[in-house]
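Observations on the model geometry
The residues making up each chain are set out below.
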Amino acid sequence: LDDRSDKPWSEYLKGALDLMIALAVAVMYLKANENTVFLLILGKEIVIPEILFGLLIVILVWTSINVTNCTDGVDGLSSTLVLIGLITLGSIFYFILGHKDIAEYLLVPHIANGASWAVIIFSLCGVLTGYLWHNAFPSKCLMGDAGSRALGFFIGVCVMVSGNPFLILATSSIIFVNGGMGLLKVFLLRFFKIKIFETIRFPLHDHMRKNRGWSPTQVLIKFMIMQLLITCVLVGILFKIR
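Everything in this summary refers to the structure shown in the same document. (Residues numbered from 1 in each chain as written. Predicted model: local features only at pLDDT ≥ 70, side-chain atom pairs only at ≥ 80, totals over all residues. Heavy atoms only, no water.)

Some points on helix H3 (residues 77-97)
To keep things clear, this is the line we draw: Secondary structure elements follow DSSP: runs of H or I no shorter than four residues count as helices, runs of E no shorter than two count as strands, and numbering proceeds from the N terminus. What a helix is expected to span follows from its residue count: subtract one and scale by 1.5 Å. Note on exposure labels: buried denotes an accessible area under 20% of the residue type's maximum, exposed denotes more than 50%, and partly exposed covers the range between, all computed with a 1.4 Å probe on protein chains only.
A rise of 1.5 Å per residue sets the reference length of H3, with its 21 residues, at 30 Å; its end C-alpha atoms lie 29 Å apart and thus fit the reference within 8%. With 17 of 21 residues buried, H3 lies mostly within the body of the structure.

Let's talk about helix H1 (residues 11-32)
Selection rule: The criterion used for residue contact is that any of the two residues' heavy atoms lie within 4.5 Å.
The terminal C-alpha atoms of H1, which comprises 22 residues, lie 32 Å apart, in line with the 32 Å expected from a rise of 1.5 Å per residue. Elements in contact with the buried residues of H1: helix H2 (50-71) and helix H6 (144-161).

Re a nonpolar patch on the surface
Note the following rule: Surface patches are defined over residues having more than 30% relative accessible area and no salt bridge, joining like charges when they lie within 9 Å and nonpolar side chains (Val, Leu, Ile, Met, Phe, Trp, Tyr) when within 5 Å. Computed with a 1.4 Å probe, the accessible areas rest on the Shrake-Rupley method; for each residue, only the protein chains presented here act as cover. Salt bridges are defined as contacts in which a side-chain nitrogen from Lys or Arg sits within 4 Å of a carboxyl oxygen from Asp or Glu.
Taken together, the side chains of Tyr-12, Leu-184, Phe-187, Phe-191, Phe-192 and Ile-194 define a hydrophobic patch exposed on the protein surface, amounting to about 620 Å² of accessible area. At four residues, helix H7 (residues 167-192) tops the list of elements feeding residues into the nonpolar patch. Secondary-structure assignment places Phe-191 in helix H7.

Side note on the nonpolar core
Spelled out, the test is: In plain words, nonpolar cores are sets of buried Ala, Val, Leu, Ile, Met, Phe, Trp, Tyr and Cys residues tied together by side-chain atoms within 4.5 Å.
The biggest cluster of nonpolar side chains holds 60 residues, and the ones touching the most others in it are Ile-57, Phe-93, Val-108 and Phe-239. Ranked by residue count, the leading element in this core is H3, at ten residues. Once residues within four sequence positions are removed from consideration, Phe-93 is found in contact with Gly-98, Ile-111, Gly-114, Ala-115, Trp-117, Ala-118, Ile-121, Cys-158, Val-161 and Ser-162.

A few points about the pattern of salt bridges
Where side chains of opposite charge bring their charged atoms close, a pairing between them can arise. Scanning the model with the defined rule gives six salt bridges in all. For Lys-14, the salt bridge identified is with Asp-2, shortest N-O distance 3.0 Å. Of this pair, Lys-14 sits in helix H1 while Asp-2 sits in the segment before H1, and the two are twelve residues apart along the sequence. Its salt-bridge partner being Asp-18, residue Arg-149 comes within 2.9 Å of it at the nearest N-O pair. Here the residue Arg-149 occupies a position in helix H6, and Asp-18 occupies one in helix H1, the gap between them amounting to 131 residues. Comparing Arg-149 with Asp-18 shows no difference in burial state: the two are buried.

Laid out in structure tokens, this is it:
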């Protein structure tokens, strides 16, 4: 609809639509689930007031949508980073949360339909892999806002369903740094006239390409390596073997 409109939609309109979607997720989630968060590091559940919990869901989903969208600027970058996040989530849902014995051994909550969620996630991995085949540099097709926002939405929802919101750090750390810091920079400057990171261009992949001289392939490979390392370290910390 945005592409077909005579006048492109403003970022405020897109942000408002994302907010409406995030609010819908919060309402639907709270209707079907308890307002508890399982802190893996502490090994215990914490009950959060329903309104505050709903607000946290909105923030997580809205942010996930927008930082993923901001990362879509270098051929193959967004889809590769999202693919790493999806494989991580699918593996956790299937091999840990979906198996009662393993979940109890690691002292994490068991999700009865964890395997079903894993099938959905791995199916999307297959679709995304097919897309990445044609999106690799030089790209022959693009996902656009509709694709990147949908992938960010999906990751945000899966993280909430896992009951472990901090998994977003293991799945999307580089995405959040790459796109999120730019959103923070614009927000502080536009609404509070506070200037931060004045010498850094955001999204960060633009800074690396235009200020540091990295090629699109260098951006992709180096960002991918950093995300893989972060994922391995954080998953190892969160699901520490007891």
